[in-house]
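# Residue-level structure breakdown
Chain by chain, the residues:
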Amino acid sequence: MDMAPSAHPATTTALPTVNRRRVATAAALASAVEWYDYFVFGIAAALVLGDLYFPAGSPTAGVLAAFATFAVGFLARPIGGIVAGQLGDKRGRKPMLVLALTLMGIATTGIGLLPTYETIGVAAPILLVLLRIAQGVAVGAQWGGAMLMATEYAPEGKRGVYGSVVQLGVPIGVVSANTVFLLAGAFTSDAQFAAWGWRVPFLIGLFVLALAWYIHTRVEETPEFREAERALAEKEKTEQSSPLRTILKDHLGTVLLAGGSFAVNTATFYILITGVLDYTTRELDMDKSAVLTVSLCVSLTQLVLIPAAAALSDKVGRIRVYAIGAAGIALWAVPLFLLIDTGSLLWLAVGSFVASCFLSIMYGPQAALFAELFTPEMRYTGASLGYQIAAVLGGGLAPFVMVLLLEASGTSMAVSAYIIGLAVIALLSIKVLAAKAGSR
């Protein structure tokens, strides 16, 4: 049950090391700032958005409404993946990455400036949903572009490591978002935080526009990438082919398997950074700043674990490492919530850290694995669709489902069962992907 480290080897020749590093650095920075902008919404949804934009009903109803808005961003992510995938497979990776960053910067800043329900009434939640949709489209477009800029030009035998620099954008985004919220809470009273302090993390999103402009004007494409763009342009003149049509006709099964294999990772991740934040502060009366600090510290460990898992996958194969992570998530789902339910910060940290280790083991090789499932002419579309399907089925709905399960069952073990169910789907999907790889 394994897949070769490079099922579709990179076609790059001996590129200058500085060019490779410049492209990888640009991709990593783009991923980090994009995920920062995306994650600040999740934290704000758990802390303040329910009261400010959905004030009617019980506190639980407000949180559910805020998490439903959080989920809307995930439903929009496949749209970004499809549009950017089509254009990225025909026009190149970099333009789509710049466009995604620009859209994210505008949407995030817009949320930071958006009046509340008390000020403009029902228009406030409507506009919030629309801006969240824009965030979803942006992050759906971004991941494929950043991931392919890094992995397609990696040195031979290092595609996993180069892909992991983009994956590091997630923990960096979490750390940055949590840090800014902690600082905003530390320098404001509860009333000030609810009035304006929560807006500061969103307004910092303006810096993503500066990065988009820098990448557009200063980051050079490698010669091989420019050659690939010319080849794609020539092909388009003679063959009016559609990467999306090819994917849906001939490779839909692979896309669905990719999504099924990764949904447990995104679901568990968003349960940890948003669902648990709501659960521990609202149900267990734990301190908001303390819980955010635990999340921040745990995310810092991923900065080491993700590239380590990716490097291991370069040596022993993607599928093997990926499957270990999925199995670990299944086995840890029950102990995780038994520890959280103690109400102890120490046990929350222990439970979250172990879960984060298994998430990192999966996430490290995931970029390279998804890139290797598809050939270059359809890779942006195929890899993006697989990733965003997982995001919709797992991450987008997970905090919402978690609140519903807790309300309906009265026990956190229902959330553990939800994670285990997704892990079983992941392991079955991985097994089929391994079989398909072995038959090639």
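Because the structure is a prediction, the values reported are computed rather than measured.

### Structural notes on the confidence of the model for the chain
Looking at the chain as a whole, its pLDDT mean stands at 83, while 88% of the residues score no less than 70. Of all secondary-structure elements in the chain, the lowest mean pLDDT belongs to helix α11 (residues 223-238), at 57, while helix α15 (residues 318-340) reaches the highest, 96. In the predicted structure, residues 1-13 sits below a pLDDT of 50 and forms 50 contacts with residues beyond four places in sequence or in another chain.

### Points about the layout of surface pockets
Unfilled space is identified by rolling a water-sized probe across the atoms. In this structure, the second largest pocket encloses a volume near 220 Å³. Taken together, 14 residues form the lining of the second largest pocket, with A46, L47, D51, V63 and R282 sitting closest to its centre. When residues of the lining of the second largest pocket are traced back to their parent elements, those giving at least two are α1 (17-53), α2 (59-91) and α13 (252-283). The element contributing the most residues to the lining of the second largest pocket is α1, with seven residues.

### Quick look at the packing of aromatic side chains
Under the criterion given, the structure shown has 10 aromatic pairs. Between the aromatic rings of F39 and Y270, the centroid separation amounts to 5.9 Å while the plane-to-plane angle is 55°, which identifies the pairing as tilted. Of this pair, F39 sits in helix α1 while Y270 is found in helix α13, placing the two residues 231 residues apart along the sequence. Each ring, one from F262 and one from Y363, has its centre 5.8 Å from the other, and the planes form 20°; the classification is stacked. Highlighted residues: F262 in helix α13 and Y363 in helix α16 (residues 345-372), separated in sequence by 101 residues. The buried category is assigned to Y363, whose relative accessible area is 7%. Three or more aromatic residues link up through ring pairs in this structure, and these residues are W35, F39, F269 and Y270. The cationic tip of R132 hangs over the ring face of F41; the distance from NZ or CZ to the ring centre is 4.5 Å. One cation-aromatic arrangement involves K288 over F193; the distance from NZ or CZ to the ring centre is 4.2 Å.

### Examining the side chain of S360
Here S360 is to be found in helix α16. When residues no more than four places from it in sequence are discounted, the contact partners of S360 are Q302, L305, I306, A309 and P365.

### With respect to the packing of helix α7 (residues 169-186) against helix α14 (residues 288-316)
Between α7 and α14, whose axes approach to 8 Å, the crossing angle comes to 155°. For the element pair α7 / α14, the angle class is roughly antiparallel. Considering the relative orientation of α7 and α14, their crossing is left-handed. Along the contact surface, α7 presents P171, I172, V174, V175, N178, T179, F181 and L182, while α14 presents S289, L292, T293, S295, L296, S299, L300, Q302, L303 and I306.

### Section: the environment of L114
Structurally, L114 is set in the loop between α3 (93-113) and α4 (117-120). Residues L114 and A124 lie 10 residues apart in sequence; the distance between their C-alpha atoms is 7.2 Å. When near neighbours in sequence (up to four residues on either side) are disregarded, L114 contacts Y53, A124, L127, L128, L131 and R199.

Here is what the cut-offs are and how they apply
Residues numbered from 1 in each chain as written. Predicted model: local features only at pLDDT ≥ 70, side-chain atom pairs only at ≥ 80, totals over all residues. Heavy atoms only, no water. pLDDT = per-residue confidence, 0-100. Helix = DSSP H or I, 4+ residues; strand = E, 2+ residues; numbered from the N terminus. Contact = heavy atoms within 4.5 Å. 1 Å grid on protein atoms, 1.4 Å probe; cavity = no way out; pocket = protein on both sides within 12 Å on 5 of 7 lines; lining within 4 Å. Points joined across faces, edges and corners; volume = space filled by probe spheres on them. Phe/Tyr/Trp six-rings, centres within 6.5 Å; stacked < 30°, edge-to-face > 60°. Buried < 20%, exposed > 50% of the residue type's maximum accessible area, 1.4 Å probe, protein only. Lys NZ or Arg CZ within 6 Å of the ring centre and 35° of its normal. Axes fitted to C-alpha atoms, helices over the stretch in contact; angles between N-to-C directions. Parallel < 35°, antiparallel > 145°, perpendicular 65-115°, else oblique. Left-handed = near helix turned anticlockwise from the far one by under 90°.

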